[in-house]
Amino acid sequence: GKYLAQLVIFAVPVLVACVMPLILTAFGTVSLISAYASLLAYFLLGAACIAVGTFISVLTENQIIAYLASFGLLLIAYMMEDIQTLFTTGNTLALIIFSIALAVIAALIGLACKSLTIGCGVFCGGAVLLILVFPMRPTWLLNGLNSVLDALALFAPFRDFVGGMFSVPDIVYYLSVAGLFLFLTGEALERRRWN
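Draft legend 1. Broad picture of the pattern of salt bridges. Counted according to the given criterion, the structure contains three salt bridges. A salt bridge links E61 to R192; the nearest nitrogen and oxygen atoms lie 3.5 Å apart. One end of the pair, E61, is in the loop between α2 (32-59) and α3 (63-78); the other, R192, is in helix α9 (residues 168-194), with 131 residues separating them in the sequence. Note on E61: relative accessible area 67%, which makes it exposed. Judged by relative accessible area, R192 falls into the partly exposed class, the value being 37%. Residue R193 is joined to E190 by a salt bridge in which the shortest nitrogen-to-oxygen separation is 3.5 Å. Linking R193 with E190, this pair stays in helix α9, spanning three residues, or about one helical turn.

Dropping the structure here:
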């Protein structure tokens, strides 16, 4: 009884979504390939977003914090293309962002190791490296950062899909994001079980 109701709740919207383009062909011309590619894009984007939200939910006991953190992270992923333009407008802003990111990474490493000395050492070493590399080769850091930001732009492949550009790397990207965050969720649950 309970599983049948869950199956119906899941199956009815999927069936309607799959049949809808066929119904629309009775009223005009519809590109079935584009329509089904868009449905696949919605499914893959939803799977990736749900996997991210599930992982964040495992990290905290509070549902409100999990909701706000998931919303914030997905909002940042949505705005990632606009965030990338900040790094092409000026080197000073990029240097400030790199310094803030370095401080956050050093703090996380220090907390993970439970050592203020290690955290300060990571920050000092990273600051020296940043001061040496950034003035001489700012394009290296900016190109590397843009590559990382491209990988974090969760909604960019979705726009290509819906725009009619079907590509296998985008499918692999969404499946990889969903698989990675589901794997991390399983690992976090396993760690919680043993602690």
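Draft legend 2. Just the nonpolar core, in detail. Judged by nonpolar contacts, the single largest core of 22 residues is most densely connected at L45, L154, Y174 and V177. Looking at this core, the elements with two or more residues in it are α2, α3, α8 (156-162) and α9. For this core, the element with the most residues is α2, which contributes ten residues. What Y174 contacts, discounting residues up to four positions off in sequence, is L44, L45, A48, L154, F155, P157 and F158. M80, A94, L142 and L145 belong to the second-largest nonpolar core, a separate cluster that totals ten residues.

Draft legend 3. The packing of α2 against α3, seen in detail. Running from N to C, α2 and α3 cross one another at 140°; their axes reach a closest spacing of 9 Å. In terms of orientation, α2 and α3 fall into the oblique class. For the crossing formed where α2 meets α3, the hand is right-handed. Taking contact as the criterion, the partners of C49, V52, G53, I56 and S57 in α2 are, on α3, A66, A69, S70, L73 and L74. Considering only residue class, the contact of α2 with α3 consists of seven nonpolar, three polar and no charged.

Draft legend 4. Structural context of the environment of Q84. Note on placement: Q84 falls in helix α4 (residues 80-89). Sequence separation between Q84 and N146 is 62 residues, and the spatial gap between their C-alpha atoms is 6.5 Å. The contacts of Q84, once residues within four sequence positions are left out, are N146, L149 and D150.

Parameters and conventions
Residues numbered from 1 in each chain as written. Predicted model: local features only at pLDDT ≥ 70, side-chain atom pairs only at ≥ 80, totals over all residues. Heavy atoms only, no water. Salt bridge = Lys/Arg side-chain N within 4 Å of Asp/Glu carboxyl O. Helix = DSSP H or I, 4+ residues; strand = E, 2+ residues; numbered from the N terminus. Buried < 20%, exposed > 50% of the residue type's maximum accessible area, 1.4 Å probe, protein only. Core = buried A, V, L, I, M, F, W, Y, C linked by side-chain atoms within 4.5 Å. Contact = heavy atoms within 4.5 Å. Axes fitted to C-alpha atoms, helices over the stretch in contact; angles between N-to-C directions. Parallel < 35°, antiparallel > 145°, perpendicular 65-115°, else oblique. Left-handed = near helix turned anticlockwise from the far one by under 90°. Nonpolar A, V, L, I, M, F, W, Y, C, P; charged D, E, K, R; others polar.

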